[in-house]
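Notes for the structure review
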Amino acid sequence: MASQQQLSAIKGAKVLMVGAGGIGCELLKTLALSGFQEIHIIDLDTIEVSNLNRQFLFRQSHVGQSKAKVARDAVLKFRPHISITPYHANVKDPKFNVDFFKQFSVVLNGLDNLDARRHVNRLCLAADVPLIESGTTGFLGQVTVHAKGKTECYECQPKPAPKTYPVCTITSTPSKFVHCIVWAKELLFAKLFGDKNQENDLNVRSGDGAGSSSSEHPLDVFERRNNEDIEEYGRRVYDHVFGYNIDVALSNEETWKNRARPKPIYSRDILSDVQQNGNMGRGAIDDSSSVSAMTSLGFKNPQDVWSLSESSKIFIEALKLFFLKREKEIGSLSFDKDDQLAVEFVTAAANIRASSFSIPMHSLFEAKGIAGNIIHAVATTNAIIAGLIVIEAIKVLQNDVDKYRMTYCVEHPIRKMLLMPVEPFEPNPSCYVCSNTPLTLEVNTSVTKLRDFVEKIVKAKLGMNFPLIMHGASLLYEVGDDLEEDMVANYEANLEKVLSELPSGISGGTTITVEDLQQELSCNINIKQRDEFDEEKESDGMVLIGWTQAPPTEKENNGSVDNGESTSKNTKEVQAEAEEAEIGTAVKKRKHSELRHVSVSSGSASKEKFILDDDGDDDIIMLQDGDIDTAKKKKLV
């Protein structure tokens, strides 16, 4: 039973929720039933069929509608006298600025990606509003409290980097099924059905052997010719990517000295002259989501592992169906794990490539999990985490700092405990976000352009959305809707200049200031001249020191690897998509100088690690293998 003081704090609070998904539905219900009177919700997403098994405020009839608005309507049915304001929008929109955040007593996050979490963290710091972070991954979950000057901010600790794969591994030397999935999803699917003008590393592979006996121009192979039979087009693509490209790769003997040689696969060796068993012409299909190559070919069980022949039939059938039933979408499609036909195509293509490289093939069910980075959400975990969020919110509203706790929900009892409370960490004095610690950038200023610095460092690593860059009193770059045309032209011209040739040229030993006016975040970056970089390990051509990121997370499962959060790709790397996850440990500590990891025992398992920080939606990253670093056990609170 809540005390009178707690009830008073609850009723007088104005709460902002960010995210109305797996955790958000449970949280909104719990807030309403706990007596909160004024709640605002921000969520960009619309409801999908895959949400319905755990996001209980939504029904089949709500599919396609705003999550925030439907959640509000559902809760008002049983709590009609409270105020709930929904925003079907991106929390990074300019209207959600520091002044907007200042009106709230506390902010509660139920997000599923690193960029948005960092953005909200910075706005909360600027507005001096406490933030309660949360996440779930299967049976694991966590709730953390971040109060300016009292506890660490969300960015005081490094976050795991998504697993990255050099493009040469994806296009030339795959060794795991996930490499084949990334190739099929990010390269082949995007090349055939996505933006035709977008740069794609399949072009690199296709261009090899251009001077060979092949009479067709390699870059034309992905274009369907006028009046070309779809079956013929599909076989031409098949033969090029699974046959010709492999033959070209085999011509480089050096590559295969210490590797197993792949086997070229041509359609004539696998498929009959005419694919007989499709039924595409039998009746019109109005709903594109119901188009299925498996249905067309009579395949029923998604957990069956297709043979090479079956995968090849699915590949051709899926390609046909895209052109016959979804032709209007071609040129604008991107992979979606809820798109049955897309999943079938990617699974088939990945299996054919896996067969070529002697990698075990996978079922559609398994391939979908890898391609969509799925660890299935558990509704009970979401409910537990939502309850813990509200408990911490009440402490925050009462300013009861000594009772703040980071709480971890674990899958197996440890010392008969499933919920493990931990005292929050103090602010990290080395954090560039909340402690204003300068960063150092190693860079070749005579080679690196300002555009590379903006895209790879300021946006990708520092997470700034509207950056302003200054060197001394000279303004080098700025983003904004209110800029005059000549200023925009000047900044665009600066982007194409190398750092040393900018007005007030940047060189080793100088300091530049980078700001984000929306986040009200500013940091200084000391420039250190460095002439050479390892292209494989330092593909950005720059190294940012003081900005830390945990090692990539990775899980082996029957030869497959799930991967971290979705990020933008460049010409050096292809990154497997997924959502961001954070490694936490259940020990009582406050000082950042102390070790972060702990060894614990549970039954036969000598060590466990806690992989945390996602919103309970299906799009979650894989769990990391290996042991936690050994450290002293400390008494739990």
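Cut-offs applied
Residues numbered from 1 in each chain as written. Predicted model: local features only at pLDDT ≥ 70, side-chain atom pairs only at ≥ 80, totals over all residues. Heavy atoms only, no water. Helix = DSSP H or I, 4+ residues; strand = E, 2+ residues; numbered from the N terminus. Contact = heavy atoms within 4.5 Å. Areas by Shrake-Rupley, 256 points an atom, 1.4 Å probe, with all protein chains shown as cover. Patch = residues over 30% accessible without salt bridge, like charges linked within 9 Å, V, L, I, M, F, W, Y side chains within 5 Å. Salt bridge = Lys/Arg side-chain N within 4 Å of Asp/Glu carboxyl O. Buried < 20%, exposed > 50% of the residue type's maximum accessible area, 1.4 Å probe, protein only. Arc of directions from axis to C-beta. Core = buried A, V, L, I, M, F, W, Y, C linked by side-chain atoms within 4.5 Å. Pairing = 2+ DSSP bridges. Polar contact = N/O pair within 3.5 Å; in protein donor to acceptor, adjacent residues only side chain to side chain. Axes fitted to C-alpha atoms, helices over the stretch in contact; angles between N-to-C directions. Phe/Tyr/Trp six-rings, centres within 6.5 Å; stacked < 30°, edge-to-face > 60°.

Time to look at the overall build of the protein. Across its full length, the protein carries 17 helices and 22 strands. Residue pairs at least 24 apart in sequence account for 70% of intrachain contacts in the protein once pairs closer than 6 positions are excluded. Accessible surface for the protein amounts to roughly 27,600 Å². Of this, 47% is attributable to carbon and sulfur atoms.

On the surface, Ile384, Leu418 and Leu419 cluster together into a nonpolar patch covering about 220 Å² of accessible area. Within the fold, leucine 419 resides in strand 10 (residues 417-422). Owing to a relative accessible area of 35%, leucine 419 belongs among the partly exposed residues under this scheme.

Of the residues making up helix 16 (residues 450-459), those classed as buried are Leu450, Phe453, Val454, Ile457 and Val458. All buried residues of helix 16 lie within an arc of 115° about the axis, which places them on one face of the element.

The subject of this paragraph is the nonpolar core. In summary, soluble globular proteins display a tendency toward joint burial of nonpolar side chains. Ranked by internal contacts, the top residues of the largest apolar core, which has 61 residues, are Leu188, Phe193, Phe315 and Phe345. The biggest single contributor to this core is helix 7 (residues 177-193), with 12 residues. With residues near it in sequence (within four places) discarded, phenylalanine 193 still touches Leu319, Phe322, Phe323, Glu329, Ile330, Gly331, Ser332, Leu333 and Phe345. The next biggest cluster of nonpolar side chains, apart from the first, holds 41 residues, and it includes Ala13, Leu31, Ala32 and Ala386.

Turning our eyes to something else, we now look at unusual backbone geometry. Located in the positive-phi region is serine 358, a residue other than glycine, with phi close to 55°. Note on placement: serine 358 falls in the loop between helix 13 (340-356) and helix 14 (364-371). A positive phi angle, close to 55°, is found at glutamate 520, a residue other than glycine. Within the secondary structure, glutamate 520 sits in the loop between strand 14 (511-516) and strand 15 (521-529).

Next up on the list: the pairing of strand 9 (residues 406-414). If a strand is regular, its side chains alternate between the two faces of the sheet. Pairing between strand 6 (residues 140-146) and strand 9: 3 bridges, direction antiparallel. Bridge assignment links glycine 141 to a residue of strand 9, and that residue is cysteine 409. Pairing analysis gives 5 bridges linking strand 9 to strand 10, with the strands arranged antiparallel. From the neighbouring strand, isoleucine 414 faces strand 10, where its bridge partner is methionine 417. Between strand 9 and strand 10, which follow one another and run antiparallel, lie 2 residues, and arginine 415 among them has a positive phi close to 55°.

Take the side chain of glutamate 155 next. Note that glutamate 155 resides in the loop between strand 6 and strand 7 (159-160). At a separation of 2.8 Å, a polar atom in the side chain of glutamate 155 contacts the side chain of arginine 122. Not counting residues within four places of it along the chain, the set of residues in contact with glutamate 155 comprises Arg118, Asn121, Arg122, Cys431, Tyr432 and Val433.

Two strands in a sheet stick together by hydrogen bonds in their backbones, pointing the same way (parallel) or opposite ways (antiparallel). Here we have 6 strands laid out as an open sheet, ordered 13-12-14-15-11-16, and mixed in their pairing. The open sheet is flanked by strand 13 (474-478) and strand 16 (542-545), the only strands paired with a single partner. Across the sheet, the axes of successive neighbouring strands diverge by a mean angle of 25°, strand direction being ignored. In this structure, strand 11 (residues 439-443) lies alongside strand 16, joined through 4 bridges in antiparallel fashion. Within strand 16, the position partnered with valine 443 by the bridge is methionine 542. Strands in contact with helix 16 are strand 11, strand 12 (467-471), strand 13, strand 14, strand 15 and strand 16; relative to strand 12, the strand with the most contacts, it is inclined by about 125°.

The mixed open sheet is built from 8 strands, whose spatial order is 3-2-1-4-5-6-9-10. Strands with a single pairing partner mark the edges of an open sheet, and in this sheet they are strand 3 (83-87) and strand 10. Shown here is a sheet whose adjacent strand axes are inclined to one another by a mean of 20°, direction ignored. By the bridge criterion, 5 bridges tie strand 1 (residues 14-18) to strand 2 (residues 38-42) in an arrangement that is parallel. The partner of lysine 14 across the bridge, within strand 2, is glutamate 38. In the packing of helix 2 (residues 22-34) onto the sheet, the strands contacted are strand 1, strand 2, strand 3, strand 4 (106-109) and strand 5 (131-137), and the crossing angle to strand 1 comes to about 165°.

Let us now look at the side chain of glutamate 442. Tracing the backbone through its elements, the reader meets glutamate 442 in strand 11. Its relative accessible area of 12% is what places glutamate 442 among the buried residues. When near neighbours in sequence (up to four residues on either side) are disregarded, glutamate 442 contacts Lys528, Arg530, Phe533, Met542, Val543 and Ile545.

For the structure on display, the rule yields 24 salt bridges. Close ionic contact of arginine 118 with aspartate 115 constitutes a salt bridge, the shortest N to O distance being 3.2 Å. In this pair, arginine 118 and aspartate 115 both sit in helix 5 (residues 114-127), 3 residues apart, roughly one turn of the helix. Residue aspartate 115 is classed as partly exposed on the basis of its relative accessible area, which comes to 32%. Here glutamate 455 ties to lysine 459 by a salt bridge, and the two come within 3.7 Å at their closest N and O atoms. Here glutamate 455 and its partner lysine 459 are both found in helix 16, 4 residues apart, which amounts to about one turn of the helix. Of the residues examined, glutamate 455 reaches a relative accessible area of 39% and is grouped as partly exposed.

In this section: the pairing of strand 3. Across 5 bridges, strand 2 lies against strand 3 in parallel orientation. When the bridges of strand 3 are listed, isoleucine 41 appears paired with proline 86.

This part takes up the packing of aromatic side chains. Within the structure shown, the criterion is met by 20 aromatic pairs. Between tryptophan 183 and phenylalanine 242, the ring centres sit 5.7 Å apart and the planes meet at 55°, which makes this aromatic pair tilted. Here tryptophan 183, found in helix 7, pairs with phenylalanine 242, found in helix 9 (residues 230-250); they are 59 residues apart in sequence, far enough to count as distant. Among the residues examined, tryptophan 183 registers a relative accessible area of 2% and is labelled buried.

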